[in-house]
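The lines below spell out each chain.
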Amino acid sequence: MSGIWGNNIKISLFGESHGNSIGINVDGLEPGIELDLSEVYAEMSRRSPGKSLLSSKRKESDMPDILSGYFDGKTTGTPLCAVIKNEDKKSNDYSKIKDLARPGHADYTGYVKYNSFNDYRGGGHFSGRLTAPLVFCGAICKQILKRKGIFIGSHIKKINCIEDTSFDYANISKKELEELKKLSIPVIDKSKAADMEKLINDARMSTDSVGGVVECAVVGIKPGVGDPFFDSVESVLSHLMFSIPAVKGVEFGAGFGVADMYGSECNDEFYIDKKVIKTKTNNNGGILGGITNGMPVIFKVAIKPTPSIAKTQNTVNFKDGKEEKIAIEGRHDPCIVLRALPVIEAVAAIGIYDLLKGSI
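Rules used throughout
Residues numbered from 1 in each chain as written. Predicted model: local features only at pLDDT ≥ 70, side-chain atom pairs only at ≥ 80, totals over all residues. Heavy atoms only, no water. UniProt positions renumbered as here; feature names shortened; annotations may be inferred. 1 Å grid on protein atoms, 1.4 Å probe; cavity = no way out; pocket = protein on both sides within 12 Å on 5 of 7 lines; lining within 4 Å. Points joined across faces, edges and corners; volume = space filled by probe spheres on them. Nonpolar A, V, L, I, M, F, W, Y, C, P; charged D, E, K, R; others polar. Helix = DSSP H or I, 4+ residues; strand = E, 2+ residues; numbered from the N terminus. Contact = heavy atoms within 4.5 Å. Patch = residues over 30% accessible without salt bridge, like charges linked within 9 Å, V, L, I, M, F, W, Y side chains within 5 Å. Areas by Shrake-Rupley, 256 points an atom, 1.4 Å probe, with all protein chains shown as cover. Salt bridge = Lys/Arg side-chain N within 4 Å of Asp/Glu carboxyl O. Buried < 20%, exposed > 50% of the residue type's maximum accessible area, 1.4 Å probe, protein only. Polar contact = N/O pair within 3.5 Å; in protein donor to acceptor, adjacent residues only side chain to side chain. Pairing = 2+ DSSP bridges.

An unreviewed UniProt entry lists the protein under the name Chorismate synthase, with Metaclostridioides mangenotii as the source organism. Quoted verbatim from the Subunit (unreviewed entry) field of the UniProt record, the comment on the protein reads "Homotetramer."

K.L.:
Give a description of empty space enclosed by the protein that names residues and reports values.
P.N.:
Under the definition given, this model contains two cavities of 30 Å³ or more. By volume, the largest cavity is sized at about 50 Å³. Lining the largest cavity, in full, are Tyr94, Ile97, Lys98, Leu100, Arg102, Asp107 and Tyr120. In terms of residue class, the lining of the largest cavity is built from four nonpolar, no polar and three charged. Approximately 30 Å³ is the volume attributed to the second largest cavity. Lining the second largest cavity are Ala106, Asp107, Asn118, Asp119, Tyr120, Gly123, Gly124 and Phe126.

K.L.:
Quick one: what's the story with the UniProt feature "binding site: FMN" (unreviewed entry) in the protein, residue by residue and with numbers?
P.N.:
On the UniProt side, "binding site: FMN" (unreviewed entry) is annotated at positions that read His125, Phe126, Ser127, Gly289, Lys304, Pro305, Thr306, Pro307, Ser308 and Arg331 here. The greatest C-alpha distance among the annotated residues, which extend across 207 residues, is 44.2 Å, indicating that they are dispersed rather than converging on a single site. From the set just named, the residues that line the second largest cavity comprise Phe126. Examined against the element boundaries, Pro305 turns out to sit in the loop between strand E16 (297-303) and strand E17 (313-317). Pro305 has contacts with Ser209, Val210 and Gly211, leaving out every residue within four places of it along the chain. Along the chain, Arg331 turns up in the loop between strand E18 (322-326) and helix H9 (337-359).

K.L.:
Report on the environment of Ile336, specifying residues and quantitative values.
P.N.:
Looking at the element boundaries, Ile336 is found in the loop between E18 and H9. Beyond its immediate chain neighbours, meaning those up to four positions away, Ile336 contacts Ala246, Ile303, Lys304 and Thr306.

K.L.:
Go over unusual backbone geometry, please, and point to the residues and values.
P.N.:
Omega for the bond connecting Pro228 with Phe229 falls within 30 degrees of zero, at 0 degrees, which places this linkage in the cis form. Here Phe229 shows up in the loop between strand E10 (212-219) and helix H7 (233-241). The backbone of Ser116 shows a phi angle near 75 degrees, a positive value even though the residue is not glycine. Among the secondary structure elements, Ser116 is positioned in the loop between helix H3 (107-113) and helix H4 (131-146). Even without glycine at this site, Asn160 takes up a positive phi of about 55 degrees. Tracing the sequence through the fold places Asn160 in the loop between strand E8 (151-159) and strand E9 (162-163).

K.L.:
Kindly report on a nonpolar patch on the surface, identifying the contributing residues and their values.
P.N.:
A surface patch of nonpolar side chains, amounting to about 430 Å² of accessible area, comprises Phe270, Ile272, Ile277 and Leu288. If you trace the backbone, Leu288 turns up in strand E14 (residues 287-288).

K.L.:
Give a detailed account of the pattern of salt bridges, specifying residues and quantitative values.
P.N.:
Scanning the entire structure with this criterion turns up 20 salt bridges. Across the salt bridge formed by Asp62 and Arg47, the nearest N and O atoms sit 3.0 Å from each other. Pair noted here: Asp62 is in the loop between helix H1 (37-47) and strand E4 (65-68) and Arg47 is in helix H1, with a separation of 15 residues, a long-range link. Overall, the relative accessible area of 0% leaves Asp62 in the buried class. Salt bridges sharing common partners tie together Glu43, Arg46, Lys142, Lys181 and Glu345.

K.L.:
So, the side chain of Ser238: which residues are in play, and what are the values?
P.N.:
Note on placement: Ser238 falls in helix H7. Among the polar contacts made by the side chain of Ser238, one reaches the main-chain carbonyl oxygen of Glu234 at a distance of 2.8 Å. In this structure, Ser238 is in contact with Val250 and Phe252, ignoring residues within four places of it in sequence.

K.L.:
Can you break down the environment of Asn115 residue by residue, with the values?
P.N.:
In this fold, Asn115 is placed in the loop between H3 and H4. For the pair Asn115 and Thr315, spaced 200 residues apart in sequence, the C-alpha to C-alpha distance is 20 Å.

K.L.:
Can you break down the sheet that holds strand E3 (residues 21-27) residue by residue, with the values?
P.N.:
Read across the open sheet, the five strands follow the order E1-E2-E3-E7-E4; overall the sheet is antiparallel. Looking along the sheet, the strands with just one partner apiece sit at the ends: strand E1 (4-5) and E4. Inspection of the sheet shows strand E2 (residues 10-15) paired to E3 by six bridges, in the antiparallel sense. Looking at the pairing, Ser12 lines up with Asn25 of E3.

Shown next as structure tokens:
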């Protein structure tokens, strides 16, 4: 199992959804980095479940217990390890269906890959629960990047058929990103929030779920970051984004929209603003040749509907080879997009920090 990532920092995830704990080990952080744990806890709270009808009723405090690499408020330079207790487990919900392939889940593929030894409870190591330690690591990277003038934020671009306004790709401010984090449903066009909430609740009441799109921005990053071909900014961020459970698509800048443009429309023309080279548009998402050009790095992430739904579906029992019906019980998000925002921002921060550290 590939549980380690990174070039200039190394992160390693461990744990299962219904195990004792989940956690992360971070190797490569410089010594003497002062950490504001209140900011870390705030990021953890944005991702944690059980806060509204729009999320799972599973209640987890998600308080990380730092075991090593941190002393007297600063990093020591040795591996930083943190664990997060799983406090609200209901594993019996899964014992009845342990041999059934839940549609949209990794039950069957995990069973085959690990010769039936995988922990099936709550998705085990494949669960979105494992994104909590990623947010912990990302919160640390965010603090380091902030001191370099780099800020990361996001909004819900789309829930099912309801779409928010996009960022102004060429003009995004730190203040705009900070204001979005204060909203329970982070959208640019505030009138869309109520419609999105209703759509999610309607899906919940009908024992179904909905997906959506998150649009993320990195502002303040200087030109020259990225190492083509295989460690380009797009390569690194895409690798990390697709490591998040439920992510099924990533596009940068105008993304697939460039296919509908002429070169004269897609090209971002350069100009000088107070001795700083900028582009008038930002269809390329702040990246040219895999390297940042100084404009905001913009990307969108598509997130599938929560696969755990109570509607009756067709499946198979992979132990006895018979076709069966399944209706998934338990506590599940009718839409995981809301809780995915801090995860996407976190892994973006991890990726940008790794790239930046390698360019110093």
